[in-house]
Amino acid sequence: MATHINGSWELGAKMTALVVDDDSINQTIHHRLLEQLGIENQVARNGKEAIDIHCSGKKFDLILMDRDMPIMNGIEATRKLRAMGIRSMIAGVSTRCVKQEIQEFMEAGLDDYQEKPLTSAKIISILRKIHHSGSISY
């Protein structure tokens, strides 16, 4: 189980995350924020890459999923991951703030939604939800 101690997350096993975003600036920001919290993470440029990474056998505790990407968007990727039995916490991230668009993304199988830009506080909020749900996949 994850606990927040002195600015980092203490885990029985190292926590992992997958950042799925087509924008290189967002990839870098999200990657660094997670790293600063002591979370190992990998980047995928679109939903298809995220699916392929999971098909290769990799598992993550957290997936930060952008909504709008080429090749396969976040809605379709989230649906496919859930259909594959992936139980990781999936947090949707987007600049979209229209309630109907957020609801459509949530209904695809998200556990959480955060508006971009992500901050340490927003990531910690997501991590607290993982901690409380006990959904860390060791």
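Residues numbered from 1 in each chain as written. Predicted model: local features only at pLDDT ≥ 70, side-chain atom pairs only at ≥ 80, totals over all residues. Heavy atoms only, no water.

So, the sheet that holds strand E6 (residues 89–94): which residues are in play, and what are the values?
A sheet is described by the order of its strands in space; here five strands give the open sequence E4-E3-E5-E6-E7, paired in parallel fashion. Taken across any chain shown, the strands that pair with only one partner, and hence form the sheet edges, are strand E4 (40–44) and strand E7 (112–115). Within the sheet, the average angular offset between the axes of one strand and its neighbour, ignoring direction, is 20 degrees. Pairing of strand E3 (residues 16–20) with strand E5 (residues 62–66), which is carried by four bridges, proceeds in the parallel orientation. Paired with Val20 across the two strands is Met65, which belongs to E5. Strands E3, E4, E5 and E6 of the sheet are contacted by helix H1 (residues 24–36), whose axis makes an angle of about 165 degrees with E4. Running at roughly 140 degrees to E7, helix H4 (residues 99–107) makes contact with E5, E6 and E7 of the sheet. (Pairing = 2+ DSSP bridges. Helix = DSSP H or I, 4+ residues; strand = E, 2+ residues; numbered from the N terminus. Axes fitted to C-alpha atoms, helices over the stretch in contact; angles between N-to-C directions. Contact = heavy atoms within 4.5 Å.)

I'd like a description of the UniProt feature "modified residue: 4-aspartylphosphate" (unreviewed entry) in the protein chain, backed by residues and values.
UniProt's entry tags Asp66 with the feature "modified residue: 4-aspartylphosphate" (unreviewed entry), counted in the numbering of this structure. Tracing the backbone through its elements, the reader meets Asp66 in strand E5. Sequence-distant contacts of Asp66, defined by excluding residues within four places in its chain, comprise Val20, Asp21, Asp22, Gly74, Val93, Ser94, Phe105 and Lys116. (UniProt positions renumbered as here; feature names shortened; annotations may be inferred.)

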